[in-house]
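Observations on the three-dimensional arrangement
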Amino acid sequence: MEVEVEQSRPDNMESITFDEASMERGKSFVTALQELKNLRPQLYSAAEYCEKSYLHSEQKQMVLDNLKDYAVRALVNAVDHLGTVAYKLTDLLEQQTLDVSTMELKVSCLKQVTYIAVSLEKWSFEEEGYLDKN
């Protein structure tokens, strides 16, 4: 049984299934994590460039000031990416927790329905005299 979840989609469809929503959350987390991983080589390249610029520049103080500004922006960007990854991971974990709770509820309901069906069948056999009432 698929549950419909109201959520916007890029292709302007009104709703997506519960499984599709879960897949989208997973993809979103993986994408955010990959973007964070991609920052590392970019930062290393920028650090090498900055080092070379500083060593070969006549105006070291100006280069140093620019490097400080760049370092602050890079740090803010990295922290922002970490926040995004943390948010998406939390969202994914909350959804999986909800999925588990929903599955537990379905199993519990199934157990109750099975118990009732077996009890009714037993009662029916007792009424018809096929089983002892003890």
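Think of each chain on its own: its residues are numbered from 1, step by step along the sequence as written. Given that the model is predicted, a residue must reach a pLDDT of at least 70 before its local features are reported, and side-chain atom pairs must reach 80 or more before they are shown or counted; all residues, however, enter totals for whole chains, interfaces and linings. The side-chain values count all of the structure's non-hydrogen atoms but skip hydrogen atoms and water molecules.

**Re helix H1 (residues 18–56)**
Test applied: What counts as a helix is a DSSP run of H or I of at least four residues, what counts as a strand is a run of E of at least two, and both are numbered from the N terminus. Take the number of residues in a helix, subtract one, and multiply by 1.5 Å to get its expected span. Three labels apply to residues, based on accessible area from a 1.4 Å probe with only protein chains included: buried if under 20% of the type maximum, exposed if over 50%, partly exposed otherwise in between.
Here H1 is 39 residues long and its end C-alpha atoms lie 58 Å apart, about the 57 Å a rise of 1.5 Å per residue gives. Listed as buried for H1 are Ala21, Ser22, Gly26, Phe29, Ala32, Leu36, Leu39, Ala46 and Cys50.

**Some details on the packing of H1 against helix H2 (residues 60–127)**
Convention followed: Only C-alpha atoms enter the line fits that serve as axes; for helices the fit covers just the stretch in contact. Angles between N-to-C directions range over 0 to 180 degrees. Note on angle classes: values under 35 degrees are labelled roughly parallel, values over 145 roughly antiparallel, values of 65 to 115 roughly perpendicular, and the remainder oblique. Two helices that cross are described as forming a left-handed crossing if the nearer one is turned anticlockwise from the farther one by less than a right angle, and a right-handed crossing if clockwise. Throughout this entry, Asp, Glu, Lys and Arg are counted as charged residues, while Ala, Val, Leu, Ile, Met, Phe, Trp, Tyr, Cys and Pro are counted as nonpolar. The remaining residues, Gly among them, count as polar.
Contact geometry for H1 and H2: axes closest at 9 Å, N-to-C directions at 165°. Between H1 and H2, the angle falls in the class roughly antiparallel. Of the two elements, H1 crosses H2, and the hand of that crossing is left-handed. Its residues placed into classes, the contact of H1 with H2 shows 21 nonpolar, eight polar and six charged.

**Observations concerning the nonpolar core**
To keep things clear, this is the line we draw: In these notes, a set of buried Ala, Val, Leu, Ile, Met, Phe, Trp, Tyr and Cys residues joined through side-chain atoms within 4.5 Å is what counts as a nonpolar core. We call two residues contacting when some pair of their heavy atoms lies within 4.5 Å.
Counting seven residues, the largest nonpolar core is built from Phe29, Ala32, Leu36, Leu39, Ala78, Val85 and Leu92. Among the secondary structure elements, those contributing two or more residues to this core are H1 and H2. Per-element accounting of this core gives the leading share, four residues, to H1. In contact with Leu36, not counting residues within four places along its chain, are Ala78, His81, Leu82 and Val85.

**Looking at the environment of Val85**
Within the secondary structure, Val85 is located in helix H2. Considered as a pair, Val85 and Thr31 are 54 residues apart in the sequence and their alpha carbons are 8.9 Å apart. Every residue in contact with Val85, bar those within four places of it in the chain, is listed here: Phe29, Ala32, Leu33 and Leu36.

**Some details on the confidence of the model for the protein chain**
Condition: The predictor attaches a confidence to each residue, and that confidence, scored 0 to 100, is pLDDT.
On average, residues of the protein chain score 83 in pLDDT, and 86% of them reach the 70 mark or higher. Within the protein chain, the lowest mean pLDDT, 42, falls on strand E1 (residues 4–6), and the highest, 91, falls on H2. Residue range residues 1–13 is modelled with pLDDT below 50. Its contacts to residues more than four positions away, or to other chains, number 22 contacts.

**Thoughts on H2**
In an α-helix there are 3.6 residues to a turn, and that puts residues three or four apart on one side. In a regular helix each residue adds 1.5 Å, so 68 residues correspond to 100 Å; H2 covers 99 Å between its end C-alpha atoms and thus fits that length. For H2, the complete set of buried residues consists of Val63, Ala74, Ala78, His81, Val85, Leu92, Gln95 and Glu126. Within two residues after H2, Gly129 carries a phi angle of roughly 85°, on the positive side.

**Some details on the side chain of Ser57**
Where we set the bar: Pairs of N or O atoms within 3.5 Å make up the polar contacts considered here, provided that, within protein, one atom can donate a hydrogen while the other can accept it, and that residues adjacent in sequence are counted only when both atoms are side-chain atoms.
You can see Ser57 is positioned in the loop between H1 and H2. Within polar-contact distance, the side chain of Ser57 engages the backbone nitrogen of Gln59 at 3.0 Å.

**Looking at the side chain of Gln95**
Turning to its location among the elements, Gln95 is positioned in helix H2. Of the residues examined, Gln95 reaches a relative accessible area of 10% and is grouped as buried. Ignoring sequence-local partners within four residues, the contact set of Gln95 consists of Phe18, Ser22 and Arg25.

**Re the packing of aromatic side chains**
Just so we agree on the cut-off: Aromatic rings from Phe, Tyr and Trp, taking only the six-membered ring of Trp, are treated as a pair when their centres fall within 6.5 Å; an angle between ring planes under 30 degrees marks them as stacked, one over 60 as edge-to-face, and anything in between as tilted. The rule for a charge over a ring is simple: NZ of Lys or CZ of Arg within 6 Å of the ring centre, and within 35 degrees of the ring normal.
Summed over the entire model, instances satisfying the criterion amount to zero aromatic pairs. Lying across the ring of Tyr54, Lys60 places its NZ or CZ 4.8 Å from the centre.

**Section: the pattern of salt bridges**
For the record, the criterion: Take a side-chain nitrogen of Lys or Arg and a carboxyl oxygen of Asp or Glu: if they are within 4 Å of each other, that pair is a salt bridge.
What the rule picks out here adds up to one salt bridge. With a shortest N-O distance of 3.1 Å, Asp91 and Arg25 are connected by a salt bridge. Taken together, the positions of Asp91 in helix H2 and Arg25 in helix H1 put the pair 66 residues apart, joining distant regions of the chain. Owing to a relative accessible area of 25%, Asp91 belongs among the partly exposed residues under this scheme. Arg25 sits in the partly exposed class, given a relative accessible area of 23%.

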